[in-house]
Amino acid sequence: KADPRTIQLFRCTVALAMLTNNFIYVFNEGETGFLNYLFFLTHWGNIFTTCYFTLNAFMYYDRKMTSKLSVLYHVALAVETTVTFGFWLLVVPLAYMTFSASPRRLKYLGSTSRAYQIYMNIYLHSFPLICLLIDYSFNRFVLSKRSLMLWISIVVTYSLVNYLAVVVFDYEIYVSLD
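Residues numbered from 1 in each chain as written. Predicted model: local features only at pLDDT ≥ 70, side-chain atom pairs only at ≥ 80, totals over all residues. Heavy atoms only, no water.

Draft legend 1. Main features of the overall build of the protein. When helices and strands are tallied, the protein shows 7 helices and 0 strands. Taken from the N to the C terminus, the helices and strands of the protein come in the order α-α-α-α-α-α-α. Burial analysis of the protein (178 residues in total) assigns 42% to the buried set. In the protein, of all internal contacts separated by at least 6 residues, the share reaching a separation of at least 24 is 79%. Carbon together with sulfur atoms contributes 70% to the accessible area of the protein, which is approximately 10500 Å² in total. (Helix = DSSP H or I, 4+ residues; strand = E, 2+ residues; numbered from the N terminus. Buried < 20%, exposed > 50% of the residue type's maximum accessible area, 1.4 Å probe, protein only. Contact = heavy atoms within 4.5 Å. Areas by Shrake-Rupley, 256 points an atom, 1.4 Å probe, with all protein chains shown as cover.)

So this is what it looks like as C-alpha cells:
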C-alpha cells in the first residue's frame, strides 16, 4: 500500500503540471484561445483531468467528496481514453496523409518547432491518461451508473458543440477527418 503523502505529492505534481500547461496553451492562443480550446475533446479531457487531480490533491481526506471525485475520475478516464486512442489511431495517421500540404495545421502556439509539436501532442494526448492510470492504482473507485450517465451527457454536449462549430459557424475542428 502506498504512503498517503506519496499519493498526495503525485496528485499535486500532476495538478500543477496540468494547470501550468493548460494556462500556457490558452494564453498563448490569443484572444480566441479559450473558445478554440473548447472545440476539441482533447481539451475537455484536460479540463476534467485537471479538475480531478486538483480537487483530489486538496480534498482527498474529505469523505463527502469521495463520490464526486469518483464520478469525475471516471468521466476523465472515459474522455482521456477516447482522446488518446482516437488521436493516435485515427487522427495522427490521417493527419500525416493530409497535413503535408498545410503545415499551419500542425502548429501549436505559433511554433513551427517539430520538437515542440511532438511535446504538445504527447502531453495533450497521452500524459493525462497515463497519470489517470497511475492514480487508479491508488484509488478504489468503482464505476457507477451515475458516472456512465454523466459520460453520455458529455458526449451529447460535445457532439452539439462540435456540430455548431462545424455546421453553423463553418469552423474546421478536426481537419484531417473531413
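Draft legend 2. Representation of the side chain of Thr-42. Position of Thr-42 relative to the elements: it lies in helix H3 (residues 41–59). Those residues within four positions of Thr-42 in sequence are excluded, and the remaining contacts are Glu-80, Val-83, Leu-124 and His-125.

Draft legend 3. The arrangement of the nonpolar core in detail. Ranked by size, the top nonpolar core spans 34 residues in total, and within it Phe-48, Tyr-52, Phe-53, Val-79, Leu-132 and Ile-154 carry the most contacts. Elements with a contribution of two residues or more to this core: helix H1 (4–28), H3, helix H4 (66–98), helix H5 (114–125), helix H6 (127–136) and helix H7 (145–168). At 9 residues, the largest contribution of residues to this core is made by H4. Non-local contacts of Phe-48, meaning those with residues more than four positions away in its chain, are made with Leu-72, Val-75, Ala-76, Val-79 and Ile-154. (Core = buried A, V, L, I, M, F, W, Y, C linked by side-chain atoms within 4.5 Å.)

Draft legend 4. Highlighting the pattern of salt bridges. Under the definition given, this model contains 2 salt bridges. Linking Asp-3 and Arg-5 is a salt bridge whose minimum nitrogen-to-oxygen distance equals 3.4 Å. The shortest N-O distance in the salt bridge between Asp-135 and Arg-11 comes to 2.5 Å. Of the two residues, Asp-135 is situated in helix H6 and Arg-11 in helix H1; the sequence distance between them amounts to 124 residues. Per residue, the accessibility class of Asp-135 equals that of Arg-11, and both read buried. (Salt bridge = Lys/Arg side-chain N within 4 Å of Asp/Glu carboxyl O.)

Draft legend 5. The side chain of Arg-11, seen in detail. Of the residues examined, Arg-11 reaches a relative accessible area of 0% and is grouped as buried. Side chain to side chain, Arg-11 and Asn-56 meet in a polar contact 3.3 Å long. (Polar contact = N/O pair within 3.5 Å; in protein donor to acceptor, adjacent residues only side chain to side chain.)

Draft legend 6. Looking closely at the packing of aromatic side chains. Using the criterion set out here, one finds 7 aromatic pairs in the structure. Between Phe-10 and Phe-53, the aromatic rings sit 6.0 Å apart at their centres with planes inclined by 80 degrees, giving edge-to-face as the arrangement. Taken together, the residues Phe-10 in helix H1 and Phe-53 in helix H3 connect sequence positions 43 residues apart. By relative accessible area, Phe-10 is classed as buried at 18%. (Phe/Tyr/Trp six-rings, centres within 6.5 Å; stacked < 30°, edge-to-face > 60°.)

Draft legend 7. Quick look at the packing of H3 against H7. It is the contact of H3 with H7, at a shortest axis distance of 11 Å, that shows an interaxial angle of 140 degrees. Our classification of the angle between H3 and H7 gives oblique. Helix-helix and strand crossings are classified by hand; for H3 and H7 the assignment is right-handed. On H7, the residues that touch Leu-41, Trp-44 and Phe-48 of H3 are Ile-154, Thr-157, Tyr-158 and Val-161. Among the residues forming the contact of H3 with H7, the class breakdown is 6 nonpolar, 1 polar and no charged. (Axes fitted to C-alpha atoms, helices over the stretch in contact; angles between N-to-C directions. Parallel < 35°, antiparallel > 145°, perpendicular 65-115°, else oblique. Left-handed = near helix turned anticlockwise from the far one by under 90°. Nonpolar A, V, L, I, M, F, W, Y, C, P; charged D, E, K, R; others polar.)

Draft legend 8. Here's a closer look at the packing of H3 against H6. Two elements in contact, H3 and H6, have axes separated by 10 Å at closest approach and are oriented at 40 degrees. In this structure, H3 crosses over H6, and the sense of that crossing is left-handed. Contacts between H3 and H6 involve Asn-46, Thr-49, Tyr-52, Phe-53 and Asn-56 on the former and, on the latter, Pro-128, Cys-131, Leu-132 and Asp-135. Residue classes in the contact of H3 with H6 are distributed as 5 nonpolar, 3 polar and 1 charged.

Such coordinate-based values are descriptive only and should not be taken to indicate function.
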